[in-house]
Amino acid sequence: MALSGLDIFKKLPKTNCKKCNFPTCLAFAMQVAAGKTEISACPDVSADVVSQIAEATAPPIRPITIGAGDSALKIGEETVMFRHDKRFEHQPGIGLLVTDEMSDETLNNHIKQFNATGFERVGVMMRAEVMAIKSVTGDAERFKAVVKKVVDETQALLVLMSDSADILKAGLDICATRKPLICGVTVDNLDSVAQLAKEYNCPVTVKGETLEQMADLTTKLNAAGVKDIVLYPTTTSVKDRFEQETMIRRLPLKKTYRPLGFPTIVFPCDFTADKDEEIMIASTFVARYSGIIILSTLEPHYTYPLFCLRMNIYTDPQRPMTMEEKVYEFNNPGKDAPILVTTNFSLTYFLVSGEIESSRKPVWLAIQNTEGLSVLTAWSAGKFNAESIAKFIKNSGITEKVSHKNIVIPGYVAELSGDLEEELGPGWKVIVGPREAPSLPGFLKQWQVN
Ligand code: SF4
């Protein structure tokens, strides 16, 4: 059960010595209860108390890291059932499955496909992060060779798949520094694979058809000292899996049921051989609630919608995507090029900039910070008005780069033109531009300095 700040306070030395960088023990206890600092920051509590409080204040769904360094994938740590309750914390990793029975040519094609996968959307690169390597042949040498090839030719985060501890060990000897996910622990191999997880300090999956089986395995793994676990429900029914994902989220969050408090991995190709269906199933588990999704293909026409869906669901609904406030240059603008001003909502920026680029007309695009609000929303919230635009333009340095005093505002805020001319000062002329970005190329073709 979660501990309150007062529960934690009772276990502290109450000397207010400030060694934890908080003014009092009570202030420190409140921060620990809120999950904002660790109990271990107090050097004067016993190891026993540290372990009791750390256990009681641990996140209901354990954070798990696959890989090492800056490119590591963090999953788990979710706190809500629904995105609109707060936000989802970590987007699922998307990956490609290869097996050791693939021919060298097929393997090469898969590696090439993995390395080529990447789409830019609203300034963010969307990529696949993971490659899962599955032992099908049962030949440790072949598995090792495939792992080595993937390690040598990609920067992928890795999932090593076999029920045999010997084969997993062969793969781990090649890629241990990449901290792969070991997949996985079953009823039959628990002791030997748990030993590997500890020896190589890597997370493991537990495989089970039912929630009860997986809860039993995670309890045994925890007792054996293995804490970093990913759940791999093996049912081949989409309906059952959907229900399991919901329960795996609900039980830890609502009932503090720790044995299922872990992220999950899903292989949509386990449910179907049809690629269209596979991607539809994958999209279901992007929304609910897989931590890693491994596909049989990364062909762009299948994966682009999936990456977009992932981005849409896993952006923080309380924090709009924004662009930096500054003047952006397009097509080598000179002194005569027009100044266009708009807001720093990412989608606004990319719609406008896309049309400017396609027009091939030189433009200074002044992006004002409106805290990520679009034009009309920012205007109605008082964050995009004559005063704020004039202040930004005067401070932006653009006036030294052009030989005119014309500025184009979005058509939706035409009524700002009079006030803006006054705020900008003598000589400035405000021109009302199009309401929608697709009309910009036509507008720019007719542009001339007045
Ligand atoms: S270091 Fe420990 S004893 Fe000292 S103020 Fe912080 S919580 Fe209290």
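Use the structure listed above.
Keep in mind it's a predicted model, so treat the numbers as computed, not measured. Within each chain, residues carry numbers counting from 1 in the order of the written sequence. The predicted origin of the model limits local features to residues at a pLDDT of at least 70 and limits the giving and counting of side-chain atom pairs to 80 or more, whereas totals for whole chains, interfaces and linings rest on all residues.

A.B. asks: When you look at the environment of R360 in this model, what are you seeing that I'm missing?
C.D. replies: To qualify as a helix, a DSSP run of H or I must reach at least 4 residues; to qualify as a strand, a run of E must reach at least 2; elements of each kind are numbered from the N terminus. Within the fold, R360 resides in the loop between α12 (346-359) and β15 (363-368). Taking C-alpha positions, R360 is 9.3 Å from L444, a pair spaced 84 residues apart along the chain.

A.B. asks: Just checking my understanding: could you explain helix α5 (residues 140-153) for this structure?
C.D. replies: Each α-helix winds once per 3.6 residues, and so residues spaced three or four apart point in a common direction. Helices are assigned an expected span. That span is 1.5 Å times one less than the residue count. An ideal rise of 1.5 Å per residue puts 20 Å on 14 residues; α5 measures up with 20 Å between its terminal C-alpha atoms. Residue burial here comes from a neighbour count, namely the number of other C-beta atoms, placed from the backbone, that lie within 10 Å of the residue's own C-beta, with 20 or more meaning buried, 12 or fewer meaning exposed, and in between meaning partly exposed. Turning to α5, its buried residues number three or more, namely F143, K144, V146, V147 and V150. End-on view of α5: buried residues confined to an arc of 165 degrees, all on one side of the axis. Turned more than 90 degrees away from the buried face of α5 sit E141 and D152, all of them exposed. Contact between two residues is assigned whenever their backbone-derived C-beta positions fall within 7 Å. Each element contacted by the buried residues of α5 is listed here: β3 (93-99), α4 (104-116), β6 (130-134), β7 (157-161) and α6 (165-175). Directions are taken from the helix axis to each C-beta atom, and the arc is the one they span.

A.B. asks: Any chance you could explain helix α10 (residues 275-287) here in plain terms?
C.D. replies: If you check α10, its first and last C-alpha atoms are 19 Å apart, about what 13 residues at 1.5 Å a residue would give, namely 18 Å. Of the positions making up α10, those classed as buried are E278, I279, I281, A282, F285 and V286. The arc enclosing the buried residues of α10, seen along the axis, measures out at 160 degrees, which places them on a common side. Residues of α10 that are buried in the fold lie against α9 (238-255), β11 (265-266), β12 (292-295) and α11 (300-314).

A.B. asks: Would you mind going over the sheet that holds strand β10 (residues 229-233) with me for this structure?
C.D. replies: The strands making up a sheet associate through hydrogen bonds between their backbones, and the pairing can be parallel or antiparallel. Whether two strands pair depends on DSSP finding at least two bridges between them. Read across the open sheet, the eight strands follow the order β10-β9-β8-β7-β6-β3-β12-β11; overall the sheet is parallel. Strands with a single pairing partner mark the edges of an open sheet, and in this sheet they are β10 and β11. Where β6 lies against β7, five bridges are found, and the strand directions are parallel. In the strand pairing of β7, A132 is matched with V159. Relative to the sheet, α4 contacts β3 and β6, its axis offset from that of β3 by approximately 170 degrees. Lines fitted to C-alpha atoms define the axes, with helix axes restricted to the stretch in contact, and inter-axis angles between N-to-C directions lie between 0 and 180 degrees. Contacts between α10 and the sheet are confined to β11 and β12, with β12 contributing the most and set at about 175 degrees to the helix.

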